[in-house]
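If you want the building blocks of each chain, they are given just below.
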Amino acid sequence: MKKLKRGMLLLAELLKYETAWICGMVWKCFCRSYRNVWLISERGREARDNGFHFFAYVTSEHPEINAWYVADKELPDYKRVQKMGNTVPYRSWKHYMMCAVSKIKISTHILGYTPDIEQYYMLDKLHVVHGKRAFLQYGIIQNDMAWYHYPNVRTDLFVCSVPAEATFVQEKFQYPKGVVKCTGLCRFDALIKQKAKKRQLLIMPTWRSYAVEGKTKETFIETKYYQKYQQLIQAPWLKDLLERYDYTAVFYPHYEVQRFISAFHTENPRIQIGKLGEKDVQKLLVESGILITDFSSVHFDFAYMEKPVVYYQFDKEQFYGEHYAKGYFTYEKDGFGPVVREAEELCRALTSILKYGRLEERYEQRIQQFFPLIDNRNCERNYDAVNELLRS
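Residues numbered from 1 in each chain as written. Predicted model: local features only at pLDDT ≥ 70, side-chain atom pairs only at ≥ 80, totals over all residues. Heavy atoms only, no water.

> Teacher, can you tell me more about the pattern of salt bridges here?
All chains considered together, the criterion is met by 21 salt bridges. Glu46 serves as the salt-bridge partner of Arg43, at 3.7 Å between the closest nitrogen and oxygen. Looking at Arg43, the relative accessible area reads 24%, which means it is partly exposed. Overall, the relative accessible area of 11% leaves Glu46 in the buried class. Glu243 is the salt-bridge partner of Lys239, the closest N and O atoms lying 2.9 Å from each other. Here Glu243 and Lys239 lie together in helix α11 (residues 236-244), a separation of four residues that amounts to about one turn. (Salt bridge = Lys/Arg side-chain N within 4 Å of Asp/Glu carboxyl O. Buried < 20%, exposed > 50% of the residue type's maximum accessible area, 1.4 Å probe, protein only. Helix = DSSP H or I, 4+ residues; strand = E, 2+ residues; numbered from the N terminus.)

Here it is as structure tokens:
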């Protein structure tokens, strides 16, 4: 019955999309706004990442492009984007038509421009989504993620940021020649434009499928993931360090963990629990002086700004055994900061950074080796890559 119900929902969505395509093809004969559309998005709802920065660049530098951004009217992001340019409400009928007839679809998540990522991931097996596609990415890939391999995912442009990543994706993911381009993440432009920095520690771990999927709040708090981070934000030694060096801290876990954010708590007035929608990730990265993470790709953003990082990897074997497969990046050999497994080691590493207040020379050298180019022309390179794709 579950399979039948899912099949009926997919069929209904397919009929709706194809109807939108017919309506859109007719409508664009009379309405210029439906012609040569560049449809830009992230997950289809937010406007805070590479999609937003790319849209801002296009509307500012190339107003001749008929660019539209997909955002949820229920989120504050919508009004912010609306002030910049053409905005289409997520899952509206206009969204369906724009998605169907757009010349190119550009998103940070695979099929993020569609009215429903999960349903259209299934429907796309039937090759029903019309138009060219560009995958801007939401971070630098460092692990082997099988669901991104070709032909599990079909895209005409797959953005990478550094030569090591591009080589790995091309060889491992097996996309056709010319699809993978090394252009950089659009949000990197904003990272080096803004130099504001607070005496703020950012704690930003990624998620774990084994700690989140199928979990209720009651079972989530039994996981090692929850217990380790709850212990961290309550740790007396962290409270002492923040007071001694006059720092504050923000704990902001991954999007997939945010539904359990109410489980985390602390009595330390110097530590904030960051909730989705209340904190802007880009702003947190720019204004924070130190980052504690684990396996999250946000450490690349911090390295791009040449700021210190500590990797807290208490479940390394389980992470690579059950969540992601290892890629080309080795934290001990390639990382931009110390790698620790226990809270005591984390305390020592953080104390050293706070005491000396700068990157060690070996980590500076690794950043220079990993990023052969650090500039504010990433949006421009992505724009050129999209134009080249359309010309081809």
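> What am I meant to see in helix α16 (residues 343-356) here?
Each turn of an α-helix holds 3.6 residues, which means side chains three or four residues apart point in the same direction. Under the 1.5 Å per step criterion, the end-to-end length of α16 is 20 Å for 14 residues, consistent within 8% with the ideal 20 Å. Of all the residues in α16, the buried ones are Leu346, Ala349, Leu350, Ile353 and Leu354. For α16, the buried positions fall inside an angular range of 130 degrees around the axis, keeping them on one side. When the buried face of α16 is taken as reference, the exposed residues oriented beyond 90 degrees from it are Glu344, Arg348, Lys355 and Tyr356. Where α16 is buried, its residues meet β8 (200-203), α10 (224-234), α11, β11 (290-293), β12 (309-312) and β13 (339-340). A positive backbone phi angle near 65 degrees is found at Gly357, which sits one or two residues after α16. (Expected span 1.5 Å × (residues − 1). Arc of directions from axis to C-beta. Contact = heavy atoms within 4.5 Å.)

> I would appreciate a short explanation of the sheet that holds strand β10 (residues 271-273) in the present structure.
Within a beta sheet, neighbouring strands are joined by backbone hydrogen bonds and run either parallel or antiparallel to one another. Spatially, the six strands line up as an open sheet ordered β10-β9-β8-β11-β12-β13, and their pairing is parallel. The open sheet has two edge strands, β10 and β13, and neither has a second partner. Bridging between β12 and β13 involves two bridges; their strand directions are parallel. If you follow Tyr311 over to β13, its bridge partner there is Val339. Together, β8, β9 (248-251), β10 and β12 form the strand contacts of α10, whose direction differs from that of β8 by roughly 170 degrees. Across the sheet, α16 is in contact with β8, β11, β12 and β13; its angle to β12 comes to roughly 180 degrees. (Pairing = 2+ DSSP bridges. Axes fitted to C-alpha atoms, helices over the stretch in contact; angles between N-to-C directions.)

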